[in-house]
Amino acid sequence: MSSISLTIKEKAIESGFDLVGISKAWIPAIDKENIEYWVKNKLYGKMDWFPKNQNLRLYFENIGFSSVSAIVVASFYLDKEYYDVFKRFSFRLSRYAVGKDYHKILRQKAKGLLSYLKTTFPNQKFRQSVDTLPISEKVLAREAGIGWMGKNTNIIHPKKGSYFFLSVVLTDLPLEYDDPMKDRCGSCRACMDACPTRALYEPYKIDAGRCISHHTIEDKSLEFSQDAKLALSSWIYGCDICQEVCPFNKVASKNQNNLTKRKEFHVKDYFHNTLETDFLSLNQKEFEEFVRDSAMNRISYLQFKRNVDAYYHWKKTSHR
Ligand code: B12
């Protein structure tokens, strides 16, 4: 690998990222087809924003420069306290949501890397995305050798599992590229079998409109259908079932090296000192205070109340 690409990778690790890889800024033909299939069949559920900007997603158009390379970084988010803190509660929050807003943190963390890039290559362009550009960060991560795209559609690293965030820096700087990683899901179907809503309807395919994560976060309507309501079970924000059952995560999450070292992703102090009923009965003002700087800030108070109601409904019906 060229010394420029190696130095960029070193800078990414120095900036505090846990994994880094570099790929060509492109979406291979088969992935283009898959993404187009997804859009055509409205598998994006209530995320009406998804079909917009397909030219950017598929061809990196309209970002102000011609993208040549993608530097993909990953940051572990699983906190060792997660299990201890949440075993006191019978509702569930996904692991990625219990700390600070990762969009902000990953942007802050990338400052060192971006300032190195901009100073060293003053004539080149760099643009970071943390869910913020309509691009497929997972396809780029797979191409950059961060991991393979598993049957649960997440990027999985053979030793690190999948509890990590992704962020991509697009650039017009030509770099040397990593090789994609081999798919190691084999005949395993644990994620598909465990998904209570059958959102993973075929290997490597997700119907987002059926995913609990979509229901609890992306569905902005204030009333759930009866099916969706029961499907949520104890999940109030996001869902980790398809990651929890993944054999790679079962092994990886036992290893301290794969847990987050970022205090920002540690379980918020609030959860250490609160009772289940206090959290579930937050009023609007308290909720707004609670989500300030939290990864749970993607939902409104009314969505939160809706999710809490569904949780109580499930609790009542499942204990009959
Ligand atoms: C939209 C979105 C969602 C949607 C859709 C999920 C999905 N799998 O696409 C919902 C709301 C359901 C969701 C949930 C979650 N998300 Co999300 N999400 C995104 C977002 C913003 C875009 C992803 C996207 O473009 N999806 C559309 C599909 C079509 O694109 P794709 O997955 O890249 O496409 C491939 C496959 O789906 C498959 N495929 C799709 N259709 C078809 C059809 C055929 C015929 C075939 C063969 C294959 C196939 O092949 C495609 C490529 O070839 C990304 C950030 C980003 N900009 O990339 C985060 C992102 C993917 N999410 C992330 C996370 C953490 C989650 C959750 C774990 C959060 C939680 N705990 O609740 C769950 C996981 C659920 C799951 N099993 O995917 C991380 C994933 C990190 C990782 N290690 O992979 C990302 C990258 C955010 C980040 N910056 O870190 N998410």
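Student: Honestly, the sheet that holds strand β1 (residues 19-24) in this entry has me stumped. Any pointers?
Tutor: Strand pairing in a sheet is mediated by backbone hydrogen bonds. Such pairs are either parallel or antiparallel. What the four strands build is an open sheet, ordered β1-β2-β7-β4; its pairing is antiparallel. The sheet terminates laterally at β1 and β4 (126-129), the two strands that pair on one side only. When the angles between neighbouring strand axes are averaged without regard to direction, this sheet yields 20 degrees. The pairing of β1 with strand β2 (residues 69-76) spans six bridges and is classified as antiparallel. Bridge pairing links Val 20 to Val 73 in β2. Of the strands in this sheet, β1 and β2 are in contact with helix α1 (residues 3-14), which crosses β1 at around 145 degrees. Seen against the sheet, helix α5 (residues 102-120) touches β2, β4 and β7 (164-171) and runs at an angle of roughly 160 degrees to β4.

Student: Mind showing me how you'd approach helix α2 (residues 29-40) here?
Tutor: At 3.6 residues per turn, the α-helix brings residues three or four places apart onto the same side. Here α2 spans 16 Å end to end across twelve residues, near enough to the 16 Å set by a 1.5 Å rise per residue. In the segment just after α2, Lys 42 is the residue with positive phi, at about 50 degrees.

Student: What am I meant to see in the nonpolar core here?
Tutor: A general feature of soluble globular proteins is that nonpolar side chains tend to end up buried together. Ile 71, Val 72 and Tyr 77 are the most contacted members of the largest nonpolar core, which totals 75 residues. Formed jointly, this core draws a minimum of three residues from each of two domains, domain 1 (3-78 + 99-171) and domain 2 (190-318). Residues within four places of Tyr 77 in sequence aside, it is in contact with Arg 95, Tyr 96, Gly 99, Tyr 102, Tyr 163, Phe 164, Phe 165, Thr 260 and Phe 265.

Student: Can you walk me through the packing of α1 against α5 in this structure?
Tutor: How two helices sit against one another is set out by the angle between their axes and by the gap between those axes. Look at α1 against α5: their axes get within 7 Å of each other, and the N-to-C directions meet at 150 degrees. Comparing their axes, α5 and α1 come out roughly antiparallel. Relative to α5, the crossing made by α1 is right-handed. For the pair formed by α1 and α5, the contact residues are Lys 11, Ala 12 and Glu 14 on the first element and Gly 112, Leu 113 and Tyr 116 on the second. Of the residues assigned to the contact of α1 with α5, the class counts are three nonpolar, one polar and two charged.

Student: For this particular structure, what's the right way to read unusual backbone geometry?
Tutor: At Thr 153, a position not held by glycine, the phi torsion is positive, near 70 degrees. Mapping Thr 153 onto the fold places it in the loop between β5 (148-149) and β6 (155-156). A residue is classified by how many C-beta atoms lie within 10 Å of it, and Thr 153, with 17 of them, is partly exposed. In this structure, Asp 293 takes a positive phi of about 70 degrees despite not being glycine. Residue position: Asp 293 is located in the loop between α14 (284-291) and α15 (301-318). On the neighbour-count criterion, Asp 293 (14 C-beta atoms within 10 Å) is partly exposed.

Calculation notes
Residues numbered from 1 in each chain as written. Predicted model: local features only at pLDDT ≥ 70, side-chain atom pairs only at ≥ 80, totals over all residues. Pairing = 2+ DSSP bridges. Helix = DSSP H or I, 4+ residues; strand = E, 2+ residues; numbered from the N terminus. Axes fitted to C-alpha atoms, helices over the stretch in contact; angles between N-to-C directions. Contact = placed C-beta atoms within 7 Å. Expected span 1.5 Å × (residues − 1). Core = buried A, V, L, I, M, F, W, Y, C linked by C-beta atoms within 7 Å. Buried ≥ 20, exposed ≤ 12 C-beta atoms within 10 Å, placed from the backbone. Domains from an automatic or database assignment. Parallel < 35°, antiparallel > 145°, perpendicular 65-115°, else oblique. Left-handed = near helix turned anticlockwise from the far one by under 90°. Nonpolar A, V, L, I, M, F, W, Y, C, P; charged D, E, K, R; others polar.

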